[in-house]
Amino acid sequence: MKFGIGQPASRLEDVRLVQGRGHFQDDRVLPGQAHAVFLRSPHAHAVIRNIDTAEAQQAPGVLAVYTGKDVEADGLGMPRAKQPRKRADGSPMFAPQRPPLVSDRARYVGDPVVMVIAETLAQAKDAAELVDVDYEPLPSVTDTAHAAESGSLRLWDENPDNISHIHQRGDEVATASAFETASHIVRRRYVISRVHAQYMEPRGAIGVWDAGEGRYTLYADVNYPHRVRGMLANDVFGVPESDVRVVVQDVGGGFGAKGWQYIEHRLTLWAAKKLERPVRWKCERSEVILADEHGRDNVGDISVAFDDQGKILGLRLEMIANLGAYVASDRQLLTPFGMIATVTGVYDVPAAFIHIDAVLTNTNPTAPYRGAGRPEAIYLIERLLEEAADELGIDRMELRRRNLIRGEQLPYRAAIKPVVYDSGDFAGNMARVLDISDAVGFEERRNAARQNGLLRGYGLANAIEQAAGPVPELAEIRFNPSGTALLMMGTKSHGQGHETVFKQILNQHLGIDPGEVQFIDGDTDRVVFGMGSNGSRSMAVGGSALVLAAEKIVAKAKRIAAHLVEAAEDDLAFEDGVFSVAGTDRSITLKEVARAAFLPAKLPAGIEPGLHETATYAPALPTFPNSAHACEVEVDPDTGTVRMIGYWVVDDVGTVINPKTLAGQIHGGVVQGVGQILMEQVAYDRESGQLVSASFMDYAMPRADDVCNIVIESNPHPTDRNPLGAKGAGEAGTVGAMPAVMIAIMDALKQVGVRDIEMPATPDRIWRAIREARE
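Residues numbered from 1 in each chain as written. Predicted model: local features only at pLDDT ≥ 70, side-chain atom pairs only at ≥ 80, totals over all residues. Heavy atoms only, no water.

Asks: Please give an account of the pattern of salt bridges that cites residues and values.
Replies: Two side chains with opposite charge may pair up if their charged atoms get near one another. Within this structure, the stated rule accounts for 57 salt bridges. The residue Lys591 makes a salt bridge to Glu516 at a minimum N-O spacing of 2.8 Å. Here Glu516 lies in the loop between helix 14 (498–510) and strand 21 (517–520) and Lys591 lies in helix 16 (residues 590–596), a separation of 75 residues in the sequence. A single network of salt bridges, built from pairs that share partners, joins Glu382, Glu386, Asp390, Arg396, Arg400, Glu443, Arg446, Asp747, Lys750 and Arg755. (Salt bridge = Lys/Arg side-chain N within 4 Å of Asp/Glu carboxyl O. Helix = DSSP H or I, 4+ residues; strand = E, 2+ residues; numbered from the N terminus.)

See below:
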């Protein structure tokens, strides 16, 4: 099958997208729509003494000016964090809810204060300038480690400190015992910077109220339409889910950051009902970092205990995770807490213990961003092993080899329960990436670079991540009376190429021409259920649901086909969309069967007319994509500039549905990891709490000339944890890229005595570190 599983088919959706025929959030214009803008706090921390909206309300074209008191008066609900976490003293987690509009105190730069709605966007912007907010600025705390210190400025008077809760995993007693018997203990602190997803299309929302039906409709660009519907219905408006519809079409990138609890979703719907007309909000690029959730921002103190042969005995991680100012929902509790368990990497670690302090600061709330805790975990263990090799006097690759989990140990129960690695060839990945990157010849290349006054470094990282967790997903296949089909998925594509790969799976199992299949996702009225796209789950869970639905289609169609060709079901074979009778030349296509399925006279007794099946699949255990990354860089000591020379990946994502789209996912993930290491950072002024990297003038993004060619090879070991054998691929590139690139940079800089540098490794930071080391 040239379009089936494993084929490098070109993306079907790209034809309309490159022709400008996509349907993105900003393309949607509704009759009679009004325009909303938000006035956001310019202060990191301030008491709001008074909000005067009188002049704004009289401005031309203004329809409404709303404050937090208006929202409170209407009894609008607020989502809350529901996970049962506690503080160190056993008291319940302190999880301050996020008001849609703050009325008493602003707690970060960008906190929404006033919503202005007018006939045109320009009129709404002009009116917002007329709102007079009387602020009393207060001291703020934005630094993660500083906020966690005893005696630090408190963000919330109701909490004795800035710690929301603690999160612990692993065996503390066994880990302590391992450290007591260790011959060597290596400790390091690594700071993982705050970043933003910087998707191509900023967020937006259009709220609609239909008084005749008594229903809300939200048009938005989100990763999980059904979760958004559930939150709005159950937590905000207190109505049945059937009274809320969420529609999502093309999404210009998401990377985990287009979540389910943004305040603009509920406020546009609320305002639409009050004004009885659609209300549209468009986040402008200059507003993005102020308005959105951020990613990462952790400080990790990691210690590893070794015996006298360099074998790992135990691992201990004490981490501070920055939640931002609010805990708006369980989204703020997902990262790095849920995925940090892979901090033991692909290594045989007998005992491990993790303690995380979740800290509140005067910053935007943090939430999942590509990798969502997995890049942080692998960054910590790989950086530590690199430096441990120097301390122990063992070759850095040899130290890794001594501790790798062997093939015969799989499935492997990791030290942090309940993690159980499914399948893979960790030693093979590492050996192959060393081979294709010509690691043997690196010292010769390093010496040649030195002759030219440049510092060359080589970094390797073995990566593993938890993906496709035990959360259900739905697939539905409906045949039309003509024999064409509709494919409806509960996942939501935001750039990954779902239409292509899901049609490949359908083609593989049913032999249907992709041109005769209509692909539908993102509409809660058309797709009955779905958990959306996150955590590298779409192929592994959604694809598996599709396989099960296809099997149901074949089972029913086989009964009909047997009746039509007058043969026993057991004598029928199905392949490439055709039912054939064994030992004869009689056959019938699935398309012909589908047509007959709508004609009751042609059906056997007891068969319901029509051909449509739904399947919901929930895996029992997550999968564990893994890989080995190698990176080679050159650093100019006179300027601090880093140039990437080569990048190589050997990955295992299980069954490869489409090698071409897989390569695109890996490429994109690698570049986002490179960006965080080399240049990206959401930065705050420590004294004032001001956001100082709110635009592309200050927030640097990787460009084509910042990256080298990326060589990718696959070493697939399909998992037995789902019918498709897929493990997930969407975040794999980022997980390995962050440590590989930073290790390569540090390998280059250690030649001139630089022992550490915090991300991002900008030219300025590198230049200063080199000067300090030389002095």
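Asks: Now, about the environment of Thr614: what can you tell me, with residues and values included?
Replies: Tracing the backbone through its elements, the reader meets Thr614 in strand 25 (residues 612–617). By relative accessible area, Thr614 is classed as partly exposed at 30%. Put simply, Thr614 and Gly32 are 582 residues apart on the chain and 38 Å apart in space, counted from C-alpha to C-alpha. Sequence-distant contacts of Thr614, defined by excluding residues within four places in its chain, comprise Leu474, Ala475, Glu476 and Lys552. (Buried < 20%, exposed > 50% of the residue type's maximum accessible area, 1.4 Å probe, protein only. Contact = heavy atoms within 4.5 Å.)

Asks: Tell me about the packing of helix 14 against helix 15 (residues 538–565), residues and numbers included.
Replies: The N-to-C vectors of helix 14 and helix 15 enclose an angle of 35°; their axes lie 10 Å apart at closest approach. In this structure, helix 14 crosses over helix 15, and the sense of that crossing is right-handed. Contacts between helix 14 and helix 15 involve His498, Val501, Phe502, Ile505, Leu506, His509 and Leu510 from the first element and Ser538, Met539, Gly542, Gly543, Leu546, Val547, Ala550, Ile553 and Val554 from the second. Each residue belonging to the contact of helix 14 with helix 15 can be placed in one class, and the counts come to 11 nonpolar, five polar and no charged. (Axes fitted to C-alpha atoms, helices over the stretch in contact; angles between N-to-C directions. Left-handed = near helix turned anticlockwise from the far one by under 90°. Nonpolar A, V, L, I, M, F, W, Y, C, P; charged D, E, K, R; others polar.)

Asks: I'd like a rundown of the sheet that holds strand 15 (residues 351–360), residues and numbers included.
Replies: Spatially, the five strands line up as an open sheet ordered 7-15-14-13-8, and their pairing is mixed. With partners counted over all chains shown, the strands left at the sheet margins are strand 7 (163–170) and strand 8 (184–195), one partner each. In this sheet, adjacent strand axes meet at a mean angle of 10° when their direction is disregarded. Bridging between strand 14 (residues 312–324) and strand 15 involves 10 bridges; their strand directions are parallel. Counted as the bridge partner of Glu318 is His355 from strand 15. (Pairing = 2+ DSSP bridges.)

Asks: Lay out helix 6 (residues 172–180) in plain terms, naming residues and giving numbers.
Replies: Within helix 6 the residues assigned to the buried category are Thr175, Ala178 and Phe179. Projected down its long axis, helix 6 carries its buried residues within an arc of 95°, all on one side. Across helix 6 from its buried face, at more than 90 degrees, point the exposed residues Val173 and Glu180. Along its buried surface, helix 6 packs onto strand 8, strand 13 (295–306), strand 14 and strand 15. One side-chain oxygen at the N-terminal end of helix 6 lies 3.2 Å from the backbone nitrogen of Val173; it belongs to Asp171. (Arc of directions from axis to C-beta. Polar contact = N/O pair within 3.5 Å; in protein donor to acceptor, adjacent residues only side chain to side chain.)

What is shown is where atoms sit, not what they do.
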